[in-house]
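A closer look at the structure
If you want the building blocks of each chain, they are given just below.
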Amino acid sequence: MIEAVIWDFGGVLTSSPFEAFNRYERERGLPADFIRRINATNPDTNAWALFERSECTLDEFDELFAREAAALGHEVRGRAIVELLSGDIRPAMVEALRRCKARAKVGCITNNVSAGAGAGMARSEDKARAVAEVMEIFDHVIESSKIGIRKPDPRIYQMACETLGVSPDACVYLDDLGINLKPAAALGMKTIKVVEPAKALAELEAAVGFPVG
C-alpha cells in the first residue's frame, strides 16, 4: 500500500528547464543539448553540482560554468543559465499533488540553487508566489541547496522517507531524470519518469489506486 508520494519539482510540477535550455541553444547557434552536456561532464564535481550543494557562490558558478563551456568549445556564462531555471507551473500536476495530499503523505526532493526566489528559483514575484503556494501543500520539502546533498545521492531519498515516517517500499517517487530515479528504485520505491505529464499521471493513478486527475 502506498503511504507517500514524493515529487521532484522542476520538470515535474513545472515545465522542464531543458525546454528553456534548448531555446537558448537555438537562439545562440549552440549545438542541441550543449548545456546538458556541460552538466553531465564530471557530474559530481562540476560547477552545477557545486552550486546545487551550495559549495560555490553565484559569481563563482558563473566563472566555473564559463570555463567548462569553453573547454567544450563554446561561450556560455553561468548566470545566463540560472536565468533559465524557473519553469511554469503545470496545473494538472498540482491538482494531482492536492489529491494525493488528501489520501497520503506528500514530500518534495528538489535539486536547486541559491538563486532566484524560493525553492523554485523564480525570477518574478508572481511566479515566486505561485511556487510558494505549491510548496505549502507538501508535508516536507528537501532542497539540495539547503542540506548540501543532491540527487542522485541515496541519502537524500532516505532522508525524505525518514522525515515522512514511511519505508521506501511504501512510496512513489516522480522525477523527470532517469539518473535520479535509479537510487529511489534501488531503495524499493515505485518510480515514475515524467516525460509526458498525462502519461505520468496515469501511471501515478495506477500506483496509488485512486483518481488523481
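In case you missed it, the structure is sitting above this.
The rules behind the values
- Residues numbered from 1 in each chain as written.
- Predicted model: local features only at pLDDT ≥ 70, side-chain atom pairs only at ≥ 80, totals over all residues.
- Heavy atoms only, no water.
- Phe/Tyr/Trp six-rings, centres within 6.5 Å; stacked < 30°, edge-to-face > 60°.
- Helix = DSSP H or I, 4+ residues; strand = E, 2+ residues; numbered from the N terminus.
- Buried < 20%, exposed > 50% of the residue type's maximum accessible area, 1.4 Å probe, protein only.
- Lys NZ or Arg CZ within 6 Å of the ring centre and 35° of its normal.
- 1 Å grid on protein atoms, 1.4 Å probe; cavity = no way out; pocket = protein on both sides within 12 Å on 5 of 7 lines; lining within 4 Å.
- Points joined across faces, edges and corners; volume = space filled by probe spheres on them.
- Nonpolar A, V, L, I, M, F, W, Y, C, P; charged D, E, K, R; others polar.

1. A short note on the packing of aromatic side chains
According to the stated counting rule, one finds six aromatic pairs in the structure shown. Geometrically, the ring pair formed by Phe18 and Phe21 is tilted, given 5.9 Å between the ring centres and 55° between the ring planes. Remark: Phe21 and Phe18 occur in helix α1 (residues 17–27); sequence separation between them is three residues, near one turn of the helix. Summarising the burial analysis for this pair, Phe18 and Phe21 share the class buried. Ring centres 6.4 Å apart and planes at 85° place the aromatic pair Phe21 and Trp48 in the edge-to-face group. In this pair, Phe21 sits in helix α1 while Trp48 sits in helix α3 (residues 47–52), placing the two residues 27 residues apart along the sequence. The class for Trp48 is buried, based on a relative accessible area of 11%. Aromatic rings pair up to connect Phe18, Phe21, Trp48, Phe51, Phe61 and Phe65 into one cluster. One Lys or Arg, Arg36, reaches over the ring of Phe18 and ends 3.8 Å from the middle of that ring.

2. Details of empty space enclosed by the protein
All told, the structure shown has one cavity of 30 Å³ or more when counted by the stated rule. The volume enclosed by the largest cavity comes to roughly 30 Å³. If you go around the largest cavity, the residues you meet are Ile6, Gly107, Cys108, Ile109, His140, Ile142, Ala160 and Leu164. Secondary-structure elements contributing two or more residues to the lining of the largest cavity are β2 (105–110), β3 (140–143) and α9 (154–164). Residue contributions to the lining of the largest cavity peak at three residues, all from β2. Of the residues that constitute the lining of the largest cavity, the class distribution is six nonpolar, two polar and no charged.

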